[in-house]
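The lines below spell out each chain.
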Amino acid sequence: MKIGYLFSGYGGLDMAAQAVFPNAHPAWFVEYDQAPASILKHHWPEVPNYGDVTEIDWKEMGRNPDIAT
């Protein structure tokens, strides 16, 4: 199962969702602020962060999650 995280912050909700769904993995993050984005990159270096939600071309994303938070 893949989860897409909008407005991720430092990943608190992300960690809680993975505790509830242990077989789930992050598909992508959307976090604009560089401080929490650096924490996300540290914990999940292979997961893309799309940054500014207003600049995302959702049709081009190509990583459709099963769950979006």
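Use the structure listed above.
First, a word on what this report is: a plain description of the structure on this page.

Here is what the cut-offs are and how they apply
Residues numbered from 1 in each chain as written. Predicted model: local features only at pLDDT ≥ 70, side-chain atom pairs only at ≥ 80, totals over all residues. Heavy atoms only, no water. Helix = DSSP H or I, 4+ residues; strand = E, 2+ residues; numbered from the N terminus. Rg over C-alpha atoms; globule rule 2.2 N^0.38 Å. Buried < 20%, exposed > 50% of the residue type's maximum accessible area, 1.4 Å probe, protein only. Contact = heavy atoms within 4.5 Å. Areas by Shrake-Rupley, 256 points an atom, 1.4 Å probe, with all protein chains shown as cover.

Scanning the protein chain from N- to C-terminus turns up 2 helices and 3 strands. N-terminal to C-terminal, the α/β element order of the protein chain is β-α-β-α-β. Relative to the compact-globule value of 11 Å for 69 residues, the protein chain shows a C-alpha radius of gyration of 11 Å, a close match. With the C-alpha coordinates aligned to their principal axes, the bounding extent of the protein chain is approximately 30 × 25 × 20 Å. Across the 69 residues in the protein chain, those meeting the buried criterion constitute 33%. Within the protein chain, contacts between residues at least 6 apart in sequence are counted, and of these 47% link residues at least 24 apart. With an accessible surface of roughly 4500 Å², the protein chain has 57% of that area assigned to carbon and sulfur atoms.

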